[in-house]
Every structure is written in C-alpha cells, then in structure tokens.
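# Summary of the model geometry
Chain residues, written in single-letter form:
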Amino acid sequence: MAERSLRGMSIGAKSLESDDNVDFAARHEVVYVCPQGHRTILPLAVGVEEPETWECRCGQIAHRENTEETESDESAKPQRTHWDMLLERRSIEELSDLLDKRLAMHNEGWIPDYE
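Residues numbered from 1 in each chain as written. Predicted model: local features only at pLDDT ≥ 70, side-chain atom pairs only at ≥ 80, totals over all residues. Heavy atoms only, no water.

Reading across from one edge, β2-β1-β4-β3 is the order of the four strands in this open sheet, with antiparallel pairing throughout. Because the sheet does not close on itself, it has two edges, and the strands there are β2 (39-45) and β3 (53-55). Pairwise comparison of adjacent strand axes, ignoring direction, gives a mean angle of 40° for this sheet. When β3 meets strand β4 (residues 61-64), the two strands line up antiparallel, connected through three bridges. When the bridges of β4 are listed, T53 appears paired with H63. (Pairing = 2+ DSSP bridges. Helix = DSSP H or I, 4+ residues; strand = E, 2+ residues; numbered from the N terminus. Axes fitted to C-alpha atoms, helices over the stretch in contact; angles between N-to-C directions.)

Next up, the structure:
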C-alpha cells in the first residue's frame, strides 16, 4: 500500500509560481535627508512625480538629497503656543490678578479639591 500512496505538499509552504516572464516597472531611487541626518531611500516608478519633502521616521520633514532647501521654509512663522495666544489677549499683570482671584476662591471653598 505504501507504493500506491500519493505524496502531498504542505499548503502555503512553497510557491509553485516563478518569476519567469515577469516584467517589473522601471524604477529609480530617491533619497531624502532630514535635519537630524536620517536618510530615507524610496524606490519610485519612472515617470512618477517625486515629492519635494517626505516625513522622516523621527517625525521631521526630510528634503530630497542634493537639492537646496527653499528659503520659504526658513522664513515661515514659528508655531504659536497656547501661552503666546494667551499673552495676545491678556497682560502679565491681568494674569497675575486672575490667578490671585482663583486662588482666593479655592482657599474659600468655592472651587472644590479634585484629588
């Protein structure tokens, strides 16, 4: 009976397909470098518009290698913080008065403790 048994192949273990007669799309590599020096190499298809910037793995914006950064990036306004926006509405003296009032309310029991 062992002579007549069929030999099988485990499913998913090996592929019966080959790379014969397969033409891959033409590609070229584009290198991006972030301010921290990380290099990202992207294979892109020929004829695809290359983006000027790419988000690096560290979260910063990387620019294409061998290209000059535009001056508009350097002259851009820095991101405003909550403190900056608060100072646009109130002066330091007003903020100090408000803090004193809130602390007095808290000490008198108007504002409960959340512990």
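So that's the structure; there's more coming.
Turning next to the nonpolar core. Core analysis: the biggest nonpolar cluster contains seven residues, these being V30, Y32, C34, L42, L44, C56 and A62. In contact with V30, other than residues within four places in its own chain, are T40, I41, L42, L44, E50 and R64. (Core = buried A, V, L, I, M, F, W, Y, C linked by side-chain atoms within 4.5 Å. Buried < 20%, exposed > 50% of the residue type's maximum accessible area, 1.4 Å probe, protein only. Contact = heavy atoms within 4.5 Å.)

Those residues carrying the UniProt feature "binding site: Zn(2+)" (unreviewed entry) are C34, H38, C56 and C58 in this numbering. In terms of the greatest pairwise C-alpha distance, the residues named above, spread along 25 residues, form a tight cluster of at most 8.7 Å across. The residue H38 is located in the loop between β1 (27-33) and β2 in this model. Among residues more than four places away in sequence, those in contact with H38 are Y32, V33, C56, R57 and C58. Tracing the backbone through its elements, the reader meets C58 in the loop between β3 and β4. (UniProt positions renumbered as here; feature names shortened; annotations may be inferred.)

Glancing now at the pairing of β4. Examined bridge by bridge, β1 and β4 share two bridges and lie antiparallel to one another. Looking at the pairing, V33 lines up with H63 of β4. Between β3 and the antiparallel strand that follows it, β4, lie five residues; G59 among them carries a positive phi value of about 100°.

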